[in-house]
Number of protein chains: 2
Amino acid sequence: MATTETLTAERILEATEEVLRRYGPAKATVVDVARALGVSHGSVYRHFRTKAALREAVTERWLRRTIDALRPYADAPGPADERLTGWLTALFALKREKAGGDPELMATFQVLIGENSAVVDRHEDHLVEQIAGILAAGHREGVFTVPEADLPATARAVFHATDRFHNPAHSAEWSAPDSGAAFAAVVTLVQRALKA
Amino acid sequence: MATTETLTAERILEATEEVLRRYGPAKATVVDVARALGVSHGSVYRHFRTKAALREAVTERWLRRTIDALRPYADAPGPADERLTGWLTALFALKREKAGGDPELMATFQVLIGENSAVVDRHEDHLVEQIAGILAAGHREGVFTVPEADLPATARAVFHATDRFHNPAHSAEWSAPDSGAAFAAVVTLVQRALKA
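What you see is a predicted model; the values in this text were computed from it and never measured. Within each chain, residues carry numbers counting from 1 in the order of the written sequence. The order in which chains are written sets their letters, starting at A; the order in which ligands are written sets their numbers, starting at 1. Totals for whole chains, interfaces and linings use every residue, but because this is a predicted model, local features are given only for residues with pLDDT of at least 70 and side-chain atom pairs only at 80 or more, for both listing and counting. With hydrogens and water set aside, each side-chain value is computed from the structure's full complement of heavy atoms.

This part takes up the relation of the copies chain A and chain B. Copy-to-copy superposition: least squares on the C-alpha atoms, limited to residues that have pLDDT of at least 70 in both copies. After a rotation of 180 degrees and a shift along the axis of 0.0 Å, chain A superposes on chain B with an RMSD of 0.0 Å. Within this description, the copies of the chain are treated as partners about a two-fold rotation axis. Mapped onto chain B, 100% of the interface residues of chain A again fall at the interface, so both copies present the same surface. Two residues form a contact once any of their heavy atoms are found within 4.5 Å.

Shown next as C-alpha cells:
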C-alpha cells in the first residue's frame, strides 16, 4: 500500500502492530513493516534506530491505550470512593475485552511485554499514579481516612490487591462465572480499608 | 530398587513424584513408576486405575503439603490479626521456597496443575477455609469487625487480594527487591479492611 502521506512515527507504529498481528512476534521483521507502508526499510530505521526500539515503542503505544481509556474514570466527577470503583471496574473490563476480543494480538503483546520490562514498569507506575490521584482526592474530601503520607504505598497496594482482575497472567480466570462476584468482593475489601 | 515392603498408595505417589522430577511430566509413564518401585505396572494400576488418576493424586498430595504446613499458623495461639499476618507470611514464604528451591519440580507441577483444575479448586477452598477460620476467631475476639454473614466472601476476597504473593503465575516477581515491601503494604490494606 504505497502512499504519498508523510511517514510519521505513528504511521510506522500502526503498520508494525498490523504486521505483528499478521505474522506473529517471532516472524515479523522491519522489512515487513516497510513493505506494508510501501517505503524502504531505511525510512523506518530513520524513525526507529533498531528493531528492538520499534518493538518497544509499539508495546508502549499499546499499553498507553489503557492509560488513555482510564483517564476519564480517574478524572470523573463525584465522590472518590465511587470514582475508584468505576476506575477499577473499567480497568477489569478493558483487560477482559483485550484478552477476549483479540486473543492473538493479546498473545503477541504478551511476548512483547516479556521483552520490555522497563516499559511495563513505567505503565504500572502510570496506573498507580491514577489510583493515587483518586486516593488523594478522597483524602481531601474526607471519604478516605488513609494518612496522607501512606497514599503512594496504599495506591500501589490497591493496584496489587486487584492484580487478579487486571494482570494478563490471570486472563484464563476472567471468563469464570464467579469472576464478577470475586471482583466485587475484593473491591468491597479495598473500600473498607480506605475508609477504615 | 526392588523391595519387599508392602506397596502402598503413598509409596507409589512418592515414586511418581520422583519419576516426574526425573523425566518431566511429558515423558513420565506408569511403567517408569513401576520400574522405580521394582513392581509390575499392574500392581500400580491396582491402586490407581488410570495414569490420569495417578497424576491427579500426586498433584493433590503436593498441594496438601502446603495445607499441612500452614495449619499450625491457622491454629496458632494469639490474636487473630497477628495469626492472619503470620499465615499470609508463611504462605508467601512456602510458595517462594517451592518456586526458588526446585524450579524444575515447580514447572512439573505447573503442568499437572493445569491438567487438574478440580484438584486446584479444592485446594483453594481448603486455603480459604483456613483464612475463614482465622476471620471467625477474630470476629469472636472483637479484633475484626466484618459482619459474620460476610465472613466466607471476605475470606475468599483476602485470598484473591493476596494472589500476587501466592499464585505461581506471579513467581517471576517474587525475587524482585521490593516484593517484601509490596507484600507488607497489601497485608496492611487487608488488615485495615478487616478492622474497619
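Having seen the model, we can carry on.
This paragraph deals with the side chain of Ser179 of chain A. Residue and element names in this part refer to chain A. Working definition: helices are DSSP H or I runs of at least four residues, strands are E runs of at least two. Numbering for both runs from the N terminus. Residue placement: Ser179 occurs in helix α9 (residues 179-195). Residue Ser179 is classed as buried on the basis of its relative accessible area of 7%. Under the rule applied, a polar contact is a pair of N or O atoms within 3.5 Å (in protein, one hydrogen donor and one hydrogen acceptor; residues adjacent in sequence only if both atoms are side-chain atoms). For Ser179, the side chain forms a polar contact with the main-chain oxygen of Trp174, separated by 3.0 Å. Excluding anything up to four places from it in sequence, Ser179 contacts Phe92, Arg96, Phe165, Glu173 and Trp174. Buried residues are those whose accessible area, probed at 1.4 Å on protein chains only, stays under 20% of the maximum for their type, while exposed residues exceed 50% and partly exposed ones sit between those limits.

What follows deals with the UniProt feature "DNA-binding region" (unreviewed entry) in chain A. UniProt positions are given in the numbering used here, feature names are shortened, and annotations may be inferred rather than shown by experiment. Under the UniProt annotation, the feature "DNA-binding region" (unreviewed entry) is placed at residues 29-48 of chain A. Helix makes up 75% of residues 29-48 of chain A and strand 0%, whereas the separation of the span's terminal C-alpha atoms amounts to 13 Å.

The next subject is the domain arrangement of chain A. Think of interface size as the accessible area that goes away when the parts come together; that is how it is often given. Residue and element names in this part refer to chain A. Marked domain ranges trace back to an automatic or database domain assignment. When the domains of chain A are assigned, the result is domain 1 (9-49) and domain 2 (56-195). The C-alpha centroid of domain 2 is placed 30 Å from the C-alpha centroid of domain 1. On the side of domain 2, 11 residues touch domain 1, which itself brings 9 residues to the contact. Summed over both partners, the accessible area lost on bringing two parts together, with a 1.4 Å probe, is the buried area. It is Glu17, Arg21 and Pro25 that lose the most area in domain 1 upon contact with domain 2, and together they represent 55% of the buried surface on that side. Throughout this description, the term salt bridge denotes a Lys or Arg side-chain nitrogen within 4 Å of a carboxyl oxygen of Asp or Glu. Taken together, the links from domain 1 to domain 2 amount to 4 salt bridges. Of the charged contacts, one joins Glu10 and Arg61 as a salt bridge, the two residues approaching to 2.9 Å between their closest N and O atoms. At the junction of domain 1 with domain 2, the criterion picks out 4 residue pairs in polar contact (both at pLDDT 80 or more). Its residues assigned to classes, the side of domain 1 that touches domain 2 comprises 4 nonpolar, 1 polar and 4 charged. The nonpolar class holds Ala, Val, Leu, Ile, Met, Phe, Trp, Tyr, Cys and Pro. Asp, Glu, Lys and Arg form the charged class, and all remaining residues, Gly among them, are polar.

Let us now look at the interface of chain A and chain B. Each partner contributes to the interface: chain A provides 25 residues, whereas chain B provides 25 residues. Interface area for chain A against chain B, summed over the two sides, is near 1,900 Å², with a carbon-plus-sulfur share of 63%. Linking chain A to chain B there are 2 salt bridges. One salt bridge connects Asp163 of chain A with Arg164 of chain B, and the closest N-O pair in it is separated by 2.9 Å. On inspection of chain A and its partner chain B, the count reaches 9 residue pairs in polar contact (both at pLDDT 80 or more).

Put simply, two rings from Phe, Tyr or Trp (the six-membered ring, in Trp's case) pair if the centres are within 6.5 Å, and we call them stacked under 30 degrees between planes, edge-to-face over 60, tilted for the rest. The final tally for this structure, using the stated rule, is 10 aromatic pairs over all chains. On the numbers, 5.0 Å between centres and 40 degrees between planes, the contact of Phe92 of chain A with Phe183 of chain A is tilted. Note that Phe92 of chain A is positioned in helix α5 (residues 80-101) and Phe183 of chain A in helix α9, a separation of 91 residues in sequence. Residue Phe92 of chain A shares its accessibility class with Phe183 of chain A, and that shared class is buried. Ring geometry for Phe92 of chain B against Trp174 of chain B: centres 6.0 Å apart, planes inclined by 80 degrees, an arrangement best described as edge-to-face. With Phe92 of chain B in helix α5 (residues 80-101) and Trp174 of chain B in the loop between α8 (151-161) and α9 (179-195), this pair connects stretches of sequence that are 82 residues apart. For the pair Phe92 of chain B and Trp174 of chain B, one class covers both residues: buried. Cluster of aromatic residues (ring-pair linked, three or more members): Phe92, Phe165, Trp174 and Phe183 of chain A.

Let's shift gears to helix α2 (residues 30-37) of chain A. Residues and elements named next belong to chain A. With respect to burial, α2 is a largely interior element, 6 of its 8 residues being buried. The set of residues buried in α2 consists of Val30, Asp32, Val33, Ala34, Ala36 and Leu37. On its buried face, α2 is in contact with α1 (9-23), α3 (41-47) and α4 (51-74). Following α2 by one or two positions, Gly38 adopts a phi angle in the positive range, close to 70 degrees.

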